[in-house]
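# Overview (structure and organization)
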Amino acid sequence: MKDRDILTKLVHSGQTLVTEANEVVEPIYLSATFRQKGFSDLSGYGYARSNNPTREALEHLMEALEGAQRSFGFASGMAAIHAVFSLFQTGDKILILGDVYGGTYDVLNNIFEKYGIKYEVLTETGIEKIEKAITEKVGAIYFETPSNPTLTVHDISKISRLAKAHHILTIVDNTFMSPYLLRPLALGVDIVIESATKYLGGHSDLIGGVVSVRNRELEEKIKEIQAHGGGIMQPFDAYLLIRSIKTLGVRLNQQTASAEKIAVFLSNHEAVAGVHYPGLPTDKGYEIQMRQAKNGGGMISFEMNENYDMEKFFDSLQLLIVGGSLGSVETLISHPVSTSHDNVPDKWKQALGITDRLIRISVGLEAADDIIADIEQAFKAARIH
Ligand SMILES: *Cc1c(COP(=O)(O)O)cnc(C)c1O
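Residues numbered from 1 in each chain as written. Predicted model: local features only at pLDDT ≥ 70, side-chain atom pairs only at ≥ 80, totals over all residues. Heavy atoms only, no water.

### Some details on the overall build of the protein chain
Within the protein chain one finds 14 helices and twelve strands. Taken over the C-alpha trace, the protein chain has a radius of gyration of 21 Å; the compact-globule value for 385 residues is 21 Å, and the two agree within 12%. For the protein chain, the spread of C-alpha atoms along the three principal axes comes to 80 × 50 × 40 Å. The burial tally for the protein chain puts 56% of its 385 residues in the buried class. Long-range pairs, those at least 24 residues apart, make up 73% of the contacts in the protein chain between residues at least 6 apart in sequence. Each charge sign in the protein chain was given a centre, from 37 positive and 48 negative side chains, and these centres are 4 Å apart. (Helix = DSSP H or I, 4+ residues; strand = E, 2+ residues; numbered from the N terminus. Rg over C-alpha atoms; globule rule 2.2 N^0.38 Å. Buried < 20%, exposed > 50% of the residue type's maximum accessible area, 1.4 Å probe, protein only. Contact = heavy atoms within 4.5 Å. Lys, Arg positive; Asp, Glu negative; His and termini not counted. Charge placed at Lys NZ, Arg CZ, Asp CG, Glu CD.)

Written out as structure tokens, the structure is:
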């Protein structure tokens, strides 16, 4: 049968285990343990840290969406990232391309550094610069595209080809896009991470993470880390995610349409020094973004001009919610340099463009005109001269 469209998979690929009740919705299995078939028979579900039917339904849904050999549900995006970095050994080095989620630097600095796993942040990410940085110690190239918070686009096919030639892994944190807009495994990536807290969950009411892998070898390793590390996704969260993912496509279609309008509004506004949105034809990442992803997505960042007061701007917003997180039904706005990216060393902040004037917006499902009106009135209030 012809492979079905992703819109269809979003709705139907989460029902894997229909019981005698013929349910339409995957049940929530809360059982912490399962009866063995015999005293020494460990086939079947066994103990729920290793395997749980509701979590498994979510994992199979994610496999269908990402085109993965296997997907694994974790307690958070950070637990997923922690599991992936646990693949490496003392002496290994991970190349990080440009800016990534603030917590990713934190887990490397605060946990993996102690184990002798090193990383290097490349502030210039042209393919020649990456190739030059691949020394014998490098075990993986790790990146986000578009990145957080500067929305920089990286060419996934090109980078994973380079990694393959050097026999190292390519790892992509796909949280900003979700598998509805971008499927990195199909472009040669080995491991995809999603913070399910964001677009997959979409309603600011759960924390979760997913790791998806392209081959059996990685499947076995991540399975081991998931079962023995124990940072698993809980059944109720898996149920909520299956429910949320059914509307991922309609949500992102609307969020993208609004983001395109808001990006144009910002580009034309005198309060704005620069807009980063890979769905704008003038954006430096536009061409690659359109080649590898469905569209520009729902995240925008921009620099506000010096003659506008930052605090006044944020304090004046009435509809937009000032806060961390992203990908939700409500529009969220943040000041990365003082919040999510506070811990990034200053030398990188400057080089990467995570400046004092940078503002990040996660576009929600409100009417685009209402979002624009709120930003407009806050600009007016924030104007100094
Ligand atoms: C939020 C986020 C994470 C961390 O996920 P949690 O679910 O908060 O642990 C990782 N990567 C990106 C890009 C994120 O936005």
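### So, the packing of aromatic side chains
One pair of aromatic rings is described through two measures. These are the centre distance and the angle between the planes. Under the counting rule described, the total for this entry stands at 13 aromatic pairs. For the ring pair Phe-236 and Tyr-239, a centre distance of 5.7 Å and an interplane angle of 40° mean the geometry is tilted. Placement of the pair is Phe-236 and Tyr-239 together in helix α9 (residues 235-245), with a separation of three residues, close to one helical turn. Counting every residue linked through ring pairs, the aromatic cluster contains Phe-265, Phe-302, Tyr-308, Phe-313, Phe-314 and Phe-379. (Phe/Tyr/Trp six-rings, centres within 6.5 Å; stacked < 30°, edge-to-face > 60°.)

### Examining the sheet that holds strand β2 (residues 93-97)
Strand order in the open sheet formed by seven strands is β1-β7-β6-β5-β4-β2-β3, and the pairing between neighbours is mixed. Two strands lie at the open edges of the sheet, namely β1 (70-74) and β3 (118-122), each paired on one side alone. When the angles between neighbouring strand axes are averaged without regard to direction, this sheet yields 20°. The sheet contact formed by strand β6 (residues 191-195) and strand β7 (residues 209-213) spans five bridges and is antiparallel. Within β7, the position partnered with Val-192 by the bridge is Ser-212. Contacting β1, β6 and β7, helix α2 (residues 53-66) crosses the sheet at an angle of about 130° to β1. Contacts from helix α8 (residues 216-229) reach β1, β5 (169-173), β6 and β7, with the element oriented near 15° to β1. (Pairing = 2+ DSSP bridges. Axes fitted to C-alpha atoms, helices over the stretch in contact; angles between N-to-C directions.)

### Quick notes on the environment of Ile-171
Among the secondary structure elements, Ile-171 is positioned in strand β5. On a C-alpha basis, the gap between Ile-171 and Asp-92 in space is 15 Å, while along the polypeptide they are 79 residues apart.

### A look at the site of the ligand
Near the ligand there are 13 residues, and of these Met-78, Asp-173, Ser-195, Thr-197 and Lys-198 occur at the shortest range. A distance of 2.9 Å is found between an oxygen atom of the ligand and a backbone nitrogen or oxygen belonging to Gly-77. Separating an oxygen atom of the ligand from a side-chain N or O atom of Lys-198 is a distance of 2.8 Å. Across the complex, the protein chains shield 93% of the 380 Å² of accessible surface that the ligand would expose by itself. Broken down by element, the residue count for the shell around the ligand peaks at three residues, all from helix α3 (residues 77-85). (Near = heavy atom within 4 Å. Polar contact = N/O pair within 3.5 Å; in protein donor to acceptor, adjacent residues only side chain to side chain. Areas by Shrake-Rupley, 256 points an atom, 1.4 Å probe, with all protein chains shown as cover.)

### A few points about the environment of Tyr-286
Within the secondary structure layout, Tyr-286 lies in helix α11 (residues 286-292). Residues Tyr-286 and Gly-44, 242 residues apart in the sequence, show an inter-C-alpha distance of 48 Å. Those residues in contact with Tyr-286, other than ones at most four positions away along the chain, are Pro-278, Gly-279, Leu-280 and Pro-281.

Spatial relationships are all this shows, so hold off on functional conclusions.
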